[in-house]
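Structure assessment
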Amino acid sequence: MALLNAVFNTMADDIRSVMARDPAAKSPLEVILCYPGLHAVWLHRLNHSLWRAGFYVAARFLSQIARFFTGTEIHPGASIGKRLFIDHGMGVVIGETTQIGDDVTIYQNATLGGTGKDDGKRHPTVEDRVVIGAGAKILGNVRIGHDSQVGASSVVLKDVPAYATVVGVPAKIVYIEGKRVGRVSGLEEALSQKVSALADDISSLQESVCLLKE
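Note that the coordinates shown come from a computational prediction; the quantities given were computed from them, not determined experimentally.

1. Notes on the nonpolar core
Ile94, Ile100, Ile106, Val126, Ile132 and Ile144 are the most contacted members of the largest nonpolar core, which has 25 residues in total. Looking at this core, the elements that each hand over two or more residues are α3 (36–52) and β14 (164–167). Apart from residues no more than four positions distant in its own chain, Ile106 is found in contact with Leu84, Phe85, Ile86, Asp87, Val92, Ile94, Ile100 and Ile132. Ile15, Ala25, Leu38 and Phe85 belong to the second largest nonpolar core, which has eight residues in total.

Structure representation (structure tokens):
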């Protein structure tokens, strides 16, 4: 009974978090029924428990089912903290050795992946209250410091300090604690905007395909 109460309390906490962070959320019932990113997180918790218990094939199989229904791929080995909010969800990929802290927000088409060159810990560590923009790619065993922001369509290949804002391809620090510290060229900014628009188009197409499958 205590375990069941803990599960329900965690789910209620997730719902309140979505309501607080998404102005489009009109009611808890809407969040429960219509937020695939939230469904992906809930299913991941089950899959992660199976993974830790050694049921690797079952965990992977169920994670693929979750991917089919939510459009979000989270490896069951990934470690996720409290109140992760995956907005829209389509195209989000989270790798096996990823570690995510509390109150993190991830937008559509973001990738927390590897470079293909590392062994062991080969995916990012994302600290508390980080915001990862649409289409952003964070690759390799890098650390994203707490309270930082990764701009849409940015490609992060190096550690990001706390309270920083990074944008561009590859990502550069432009703000730390609200103070401007760098510049992004006009070409880089234009490219980032174009890639972001393309990511949105791909997300819309993916959602349309899912509707057709239904």
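And the narrative resumes.
2. With respect to the packing of α3 against helix α4 (residues 56–70)
Their axes nearest at 8 Å, the elements α3 and α4 cross at an angle of 175 degrees. Taken together, α3 and α4 sit at an angle that is classed as roughly antiparallel. Within the contact between the two elements, α3 uses Pro36, His39, Ala40, Leu43, Asn47, Leu50 and Trp51 and α4 uses Tyr56, Ala59, Arg60, Leu62, Ser63, Ala66 and Thr70. Taken together, the residues of the contact of α3 with α4 break down into nine nonpolar, four polar and one charged.

3. What to know about the pattern of salt bridges
In this structure the tally under the stated criterion is eight salt bridges. The closest approach of N and O atoms between Asp14 and Arg45, which form a salt bridge, is 2.5 Å. Separated by 31 residues along the polypeptide, Asp14 in helix α1 (residues 2–21) and Arg45 in helix α3 bring together distant segments of the chain. Across the pair Asp103 and Arg83 runs a salt bridge whose closest N-O atoms are separated by 2.6 Å. In this pair, Asp103 sits in the loop between β5 (99–100) and β6 (105–106) while Arg83 sits in the loop between β2 (79–80) and β3 (85–86), placing the two residues 20 residues apart along the sequence.

4. Section: the side chain of Thr105
In this structure, Thr105 sits in strand β6. Looking at Thr105, the relative accessible area reads 7%, which means it is buried. Reaching out from Thr105, the side chain makes a polar contact with the side chain of Arg21 at a distance of 2.7 Å. With residues up to four places along the chain from it excluded, the contact list for Thr105 reads Arg21, Phe85, Val130, Val131 and Ile132.

5. Points about α4
For α4, which comprises 15 residues, the first-to-last C-alpha distance of 21 Å matches the rise-based estimate of 21 Å (1.5 Å per residue) to within 8%. Listing the buried residues of α4 in full gives Ala59, Ser63, Ala66 and Thr70. Buried residues of α4 fall within an arc of 60 degrees about the axis and therefore sit on the same side. Set apart from the buried face of α4 by more than 90 degrees, the exposed residues are Val57, Phe61 and Phe68. Among the structural elements, α3 and β1 (73–74) are those in contact with the buried residues of α4.

6. Section: the pairing of strand β15 (residues 172–176)
By the bridge criterion, four bridges tie β14 to β15 in an arrangement that is antiparallel. In the sheet register, Ala164 faces β15, and the bridge partner there is Ile176. Where β14 folds back onto β15 in an antiparallel hairpin, the turn is made up of four residues, including Gly168, whose phi is positive at roughly 105 degrees. Summarising the sheet, β15 and strand β16 (residues 179–180) pair through two bridges and their orientation is antiparallel. Bridge pairing in β16 places Tyr175 opposite Arg180. The turn linking β15 back onto β16 is made up of two residues, and Glu177 within it adopts a positive phi angle of 55 degrees.

Basis of the calculations
Residues numbered from 1 in each chain as written. Predicted model: local features only at pLDDT ≥ 70, side-chain atom pairs only at ≥ 80, totals over all residues. Heavy atoms only, no water. Core = buried A, V, L, I, M, F, W, Y, C linked by side-chain atoms within 4.5 Å. Buried < 20%, exposed > 50% of the residue type's maximum accessible area, 1.4 Å probe, protein only. Helix = DSSP H or I, 4+ residues; strand = E, 2+ residues; numbered from the N terminus. Contact = heavy atoms within 4.5 Å. Axes fitted to C-alpha atoms, helices over the stretch in contact; angles between N-to-C directions. Parallel < 35°, antiparallel > 145°, perpendicular 65-115°, else oblique. Nonpolar A, V, L, I, M, F, W, Y, C, P; charged D, E, K, R; others polar. Salt bridge = Lys/Arg side-chain N within 4 Å of Asp/Glu carboxyl O. Polar contact = N/O pair within 3.5 Å; in protein donor to acceptor, adjacent residues only side chain to side chain. Expected span 1.5 Å × (residues − 1). Arc of directions from axis to C-beta. Pairing = 2+ DSSP bridges.

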